[in-house]
Each structure stands twice: as C-alpha cells, then as structure tokens.
Amino acid sequence: MQRNTTFLFDFDSTFIQVESLEILAEIALANHPEKAERLQAIQSITEQAMEGRYSYQESLAERMKLLDLNQSHLTQAIELLKQKITPSILRNRAFFQTHADNIHVITGAFIELVWPVVSPFGIKRENVHANRFIYDYEGDVLGYDHHQLLAQDQGKVKLVQKLALKDDVIMIGDGYNDYEVKAAGLASTFVAFTENITRNNVADAADAVIHELEGLFITCQLPFTSPKSPKKVLLLENIHPFVELYFKENGFLVESLPGALNAKELHSKLHDVSILGIRSKTEVTANIIEGAEKLEALGAFCIGTNQIDINKACEQGIAVFNAPFSNTRSVVELAIAEIILLARNAAALSGKLAKGQWHKSSTGAHEVRGKTLGIIGYGNIGSQLSIIAEALGMRVIFYDIADKLPLGNAKRCHHMDEVLTQADIVSIHVDGRKENHHLIDAKSFALMKPGVIFLNLSRDFTVDYEALNEVMRSGKMKGCGIDVFTNEPHESKSEYQTPLQQFENVILTPHIGGSTEEAQQHIGEYVSKNLCSYVNEGSSTGSVNFPQLSLPSMNYPQRIIHIHKNVPGILAQINRLFAESGSNIEGQFLKTNQEIGYVITDINRQCDDKLLQQLQAIPHTIKVRVLDK
Ligand SMILES: NC(=O)C1=CN([C@@H]2O[C@H](COP(=O)(O)OP(=O)(O)OC[C@H]3O[C@@H](n4cnc5c(N)ncnc54)[C@H](O)[C@@H]3O)[C@@H](O)[C@H]2O)C=CC1
Ligand SMILES: O=C(O)C(=O)COP(=O)(O)O
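Here we summarise the structure given alongside this text. (Residues numbered from 1 in each chain as written. Chains lettered and ligands numbered in written order. Predicted model: local features only at pLDDT ≥ 70, side-chain atom pairs only at ≥ 80, totals over all residues. Heavy atoms only, no water.)

## Notes on the site of ligand 2
The local shell around ligand 2 consists of Arg-279, Ser-280, Lys-281, Phe-301, Cys-302, Ile-303, Gly-304, Asn-327, Arg-459, His-511 and Ser-515. Ser-280 is positioned such that a nitrogen or oxygen atom in its side chain is 2.6 Å from an oxygen atom of ligand 2. Between ligand 2 and Arg-459 there is a distance of 2.7 Å, counted from an oxygen atom to a side-chain nitrogen or oxygen. Broken down by class, the residue content of the shell around ligand 2 amounts to three nonpolar, five polar and three charged. (Near = heavy atom within 4 Å. Polar contact = N/O pair within 3.5 Å; in protein donor to acceptor, adjacent residues only side chain to side chain. Nonpolar A, V, L, I, M, F, W, Y, C, P; charged D, E, K, R; others polar.)

Written out as structure tokens, the structure reads:
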C-alpha cells in the first residue's frame, strides 16, 4: 500500500449494518406504550441528519430525549451489534489487523457500544473516537457528554482537525457528515460506502462509491486484496444464529432464511451457493443437486439425512454432513416425559382442565416403574432411552436389524413382533431409510397389547397413520405421542390439521424432539465446523457420504483434491500426471468408501490449467478441487 495513508472509518451503517442508536432504541423501548411512534421519530431524525438535512447536534439531543436507557439495554445492544457487523468488513478482518496503526473509527455513536464491536479487529483504543454516556450512581444513563466534539455539528470535521493527521487521509462512510471531512479539506478522498445503505446526495459527492470493502483496495490501488472472492452459504429452517456468525467470521457470505424452501425456490437460490445448510424439512432431490453447479457441501443441521438424495450427492462430488448425536438427549427426554404423561392420562386430563373441567381420578393412571418399554431401533436415541428408562425402573426390550449390544439389563429380541406383543409402551426410533416406510402398520398395531402406549419421534413415514387413527378410534390404545407428521409445514408458525387431534389422550408436538437450545447450539457448532474445514482444507470428518479423512493443516502452496468413483488404478494415474508436470508431492492422503475415492495431494507449486484439465480428464473423475494456502 502507499505508505502514510490513514483510513478513517464511520461506524453506524458502515462498520456495522445498522444504526446503533436505533438498535438501542428497539431494546430500550421494547415495552414502552409509544414504542412505534418513538422508533419512527428516531429513524426519521437519523435519516435527516445523515443526509445533512438536520443539525447533528440537535438530532442527537432529540433522539436521546426519546430514550430512557439503563446498563442492561447497553449489554443487550452490544450482543446484537456484534452480530450485525457488515459482511465485507467481517471477512477483511486481516486488513484492519495489518493496518491497525493507520485506521481510526470516527463516529457519533457511543463508545460503550462501539468498542466491544471494533476491538476484535485489532483497532487501537486511542484510534476510536466516539461519544460517551453519563451515568448516575445506579448505572442508569443520565444523558451524554455534550462537550465531546463528536456530539456537535461538524463534529467529525472538528475531531479530524484536532487529530492533525500528517498522512494522506481517506474517509470511508455512508453519511453526509463523513463527506464533510473531505469538504473541509481534511481528507484527500471521500469514499461512499453503500453495502448497507445508499444515500444519493452522499454518493454524488463522493470521489468513489464502493459497495463492499474490497472496492477500497481497488479504488486506492492497495495491493492488499481479499484472498479469494468469498463463497456463499445459504442457511434454511432457522438454523442456530451461531452458524451465520461462524461462517461470516470465516470469510463466507451468508444468507439465512427462517423456513424451508420448495423445489422451485431452492433451485433458483442455489446457482451461486457453495454450502447449503438445512434441517429436516428441506427436500434436496436429485434435480436440485444437479442444478447446483457451485455446491461443494451440504449440511443437515439435524440427525436425519433421508431428505437428501445422498446417491446423487456422491455422483456430483458433494460432501454431506450431519450432527449424528447432538440432539439425541433432547429426543430421549421428550420421549420419557411423554411416556409418563400418557401413562397418567395427564394429556387428556390437562386438556379437560384447560377447558374448565376438573376430572380428578386415579382410574387407569399408572406408574411407569415395572412397565415394559419396547424400543424399535436401538441406535443413538433408542439406546439412550433404554438407559434412562431403566433408571426409572422400567423393563426394556428392543429390536434392531443390526446386532446391537444390549445396555444394562435391556433384552434384545430377534423379531420385531416379540417387542410388539410384550411391550406396555412401544417407541419407534429407527432411521429414515426408505425400507422403513410403514414399518408399523395395521398388522403391527393388531399385535400390540390392549392399553398400549405408542410413541413415534422418528420419521412420519415409518408409521401408517391411517392405521394409527383406526386403532385410536377403536379404543384399544391407551394413548400416543407423535412428534413427526405427514406433510409438515415449511414455516415454523403455520396451520396444521391431523385426524389425531380428535383424540384426548394424545401428545402431539410439532417435530420438536431435537428442538432445544442446547441441541441446536451444539448441532450448529458441530456441523458448521466440519463444513468449514471441508471447504477450506478438504477434511471430510463427519461426512455421511465421503470417506472420512482428517487432514493436517495446509503447509504447502497448493492442495489438490481429486474425488472419483472408487475404481482401481486412479491413484497411479494422478501421480503420473503430477510427475510429468514436474510437481513435487509433499504429502498425500487417500481413503475410499464403497462409492468414492478421495485423494488429497499437497504439492510444492501452483498447479497450472493444463495439469488441472488432465486431472479432470482421468476417467471416473467426479470433481477436482484446488485449495490455495
Ligand atoms: N423428532 C425429532 O426431532 C428427531 C428425530 N430423529 C429421528 O430419530 C430416528 C433415530 O435417530 P438415531 O437414534 O440418532 O439414529 P441411529 O441411526 O443412531 O439409529 C437408528 C437405529 O435403527 C435401526 N433400524 C433401522 N431400521 C430398522 C428396522 N426396520 N427395524 C429395527 N431397527 C432398525 C438401525 O440399525 C439403527 O440402530 C431417526 O429417524 C432420526 O431422523 C432424530 C433426532 C430428532
Ligand atoms: O435431527 C433430526 O433428524 C430431526 O428430525 C430434527 O429435525 P429438525 O432439526 O427439528 O428439523
């Protein structure tokens, strides 16, 4: 970069995506009767001040009068603002760290909010210039320090004047008061930053308009460029907020949507997406995968992967990841709760009392101690349920198609019918493979004992729900707990009808078995880290369809990843091409599974286009990826 350049950054709507005072107002006015009017007034004053149509000094005073702040509002606002850092700022953290001596943040926002957000970027405390609150002895905000230069009209101009910078100065911001610094002759260049908001009069006055921070590197001809153009991540179905933050911090562009998408919407969204994150609702069919040209990895932020066409993902060289045990405990706790409540008729009695009917009775209400729990599917969930049920004094029997070690005193049955005929409670925990369609049908219900309690917290299609309705209608069954339904809605708040709603002793939950904060946080951390290390370094740990390789970090100029159908002789062909091109292999890793061969080669130089084309042309090649150190 040119030496002796100082960069002055605005904070609100530049460093962060929002106006910090507006966020603070949202929090402080949350329960205020005039919330809407006051927020609107604050927004309108901010806008007028930012466009240079209103005195800054008065605008700050007016806005502060509308708020009644205390310390807890500030704490909440800081947490929110940390999540609102502008994406291109976030992915260029290295720029701020490298040039910390020459970067100042100059803002009318308050230091209490600004410092926690900018300090992780290595920006120096003495280079952050902001307003400050004044507090009473109880920590409530009395007001702000009117004497600060930044609280006054032309505050930024006065402040920069006082700094008496000797270097070439570049001011970057979205507001008219940022332009004023250049207009006053205190900066050689004013760069209008429009990633969050575009103000036409500000952009018109600017020497350059940049939509993302990378534009600054080009405008100012700085050799400091972002290492690669950022890859895009699409997150659906309300995935835990940690995930968005994690990907942004790792330099990805992230779009998060609250619901699932249908096939058409998903198809059109995926054209430029490298990583897709979903939960159980989004169907990722063969067609969708075929159309997603840039897709490298797919994360199921849940246990089940039956919603994804895994074979097609293998054919296209797309690695699929899930969280095989992060929500196991949550499902088990719900199942245990349902077993107890149904055994006590509590669901029916609670429903009656909710309607004003007091039905105190012990008839048909039972303890679960000593009762036989029959578990179908003794995997992660089934086996953990077994342990907790035994701890409650239940007798456990189970059936699994795989040879599973019985835990505690649980008894393994060799046929599902043995479980169905003996159990007082039957709980289904099989995986979502296609063969399990209507595993439990009318015949299965016929085998069960009268008064049985039935739970399905696995997948809807494992149970014939028409047959379940019939058996509930017949009165044979004591009750059922159902968490998974046919055609579940895509959005979290929707209407939903099922014939099971007509019965009393039922517990119907909207697929919340794994929906606890603990589970979602753990799933978020587990899956996003695996996805990130796959895309950035090639490690496939945690993948459900790729051979699992945990790789050392990249120490050589390039890592070439060759994904191919698992047929003999490919490795030899790859190595012949490396040898012929004069590349020295510094490290090599190979792992195969039934479908895929996964070869990772670290080489001592940048691979040229010819070599890449040759690697791609090896018969049975699915995909070649190149990772730069
Ligand atoms: N309701 C919810 O929110 C949640 C539901 N789930 C679902 O719960 C189910 C179980 O999950 P995990 O225990 O983690 O899976 P898992 O893969 O650890 O265990 C499934 C077990 O079922 C066995 N199995 C498969 N087909 C069978 C059959 N026909 N008969 C007997 N055994 C059979 C397998 O051998 C395996 O041991 C899955 O369908 C999963 O998608 C998981 C988490 C949350
Ligand atoms: O983990 C699973 O397989 C589940 O069924 C949970 O799905 P969800 O993340 O709640 O959409």
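## Notes on the nonpolar core
Grouped burial of nonpolar side chains is what soluble globular proteins tend to show. Core analysis: the largest hydrophobic core is formed by 57 residues, its most contacted members being Phe-9, Phe-15, Phe-96 and Leu-216. Residue contributions to this core peak at six residues, all from helix 2 (residues 20–28). Among all residues touching Phe-9, those that are not within four sequence positions of it are Ile-89, Phe-95, Phe-96, Ile-103, His-104, Val-105, Ile-106, Met-171, Ile-172, Leu-213 and Leu-216. (Core = buried A, V, L, I, M, F, W, Y, C linked by side-chain atoms within 4.5 Å. Buried < 20%, exposed > 50% of the residue type's maximum accessible area, 1.4 Å probe, protein only. Helix = DSSP H or I, 4+ residues; strand = E, 2+ residues; numbered from the N terminus. Contact = heavy atoms within 4.5 Å.)

## Quick look at the pattern of salt bridges
Inspection of the entire model under this criterion finds 32 salt bridges. Between Arg-132 and Asp-145 there is a salt bridge; the shortest N-O distance is 3.6 Å. A residue pair is termed long-range when its members are at least 10 positions apart, and Arg-132 in the loop between strand 3 (128–131) and strand 4 (133–135) and Asp-145 in the loop between strand 5 (141–144) and helix 9 (155–163) qualify at 13 residues. Its relative accessible area of 41% is what places Arg-132 among the partly exposed residues. In this structure Asp-145 comes out as buried when scored by relative accessible area, which is 15%. Across the salt bridge formed by Arg-412 and Asp-403, the nearest N and O atoms sit 2.6 Å from each other. For Asp-403, a relative accessible area of 68% corresponds to the exposed category. Through salt bridges with shared partners, one network takes in Lys-232, Glu-255, Lys-269 and Asp-272. (Salt bridge = Lys/Arg side-chain N within 4 Å of Asp/Glu carboxyl O.)

## Examining the packing of aromatic side chains
The final tally for this structure, using the stated rule, is 25 aromatic pairs. With 5.6 Å between their ring centres and 25° between their planes, Phe-242 and Tyr-246 make a pair best called stacked. Of this pair, Phe-242 and Tyr-246 both sit in helix 13 (residues 241–249), four residues apart, roughly one helical turn. Given a relative accessible area of 22%, Phe-242 falls into the partly exposed group. Tyr-246 gets classed as buried once you look at its relative accessible area, which sits at 18%. Pairing Tyr-534 with Tyr-598 gives two aromatic rings, centres 6.5 Å apart and planes at 25°, and the pair type is stacked. Placement of Tyr-534 in helix 23 (residues 517–537) and of Tyr-598 in strand 23 (residues 596–603) is noted, with a sequence separation of 64 residues between them. Tyr-598 carries the same exposure label as Tyr-534, and that label is buried. The rings of Phe-7, Phe-9, Phe-11, Phe-15, Phe-95, Phe-96, Phe-121 and Phe-217 are connected pair by pair, giving a single aromatic cluster. A cation over a ring is seen here: Arg-93 above Phe-121, with NZ or CZ 4.6 Å from the ring centre. Sitting over the face of the ring of Tyr-534, Arg-625 holds its NZ or CZ atom 4.6 Å from the ring centroid. (Phe/Tyr/Trp six-rings, centres within 6.5 Å; stacked < 30°, edge-to-face > 60°. Lys NZ or Arg CZ within 6 Å of the ring centre and 35° of its normal.)

## Quick look at the packing of helix 2 against helix 3 (residues 35–50)
In the contact formed by helix 2 and helix 3, the axes pass within 10 Å of each other and the chain directions differ by 170°. Considered as vectors, helix 2 and helix 3 are oriented roughly antiparallel to each other. Two secondary-structure elements touch here, helix 2 through Glu-22, Ala-25 and Glu-26 and helix 3 through Lys-35, Leu-39, Ile-42, Gln-43 and Thr-46. Considering only residue class, the contact of helix 2 with helix 3 consists of three nonpolar, two polar and three charged. (Axes fitted to C-alpha atoms, helices over the stretch in contact; angles between N-to-C directions. Parallel < 35°, antiparallel > 145°, perpendicular 65-115°, else oblique.)

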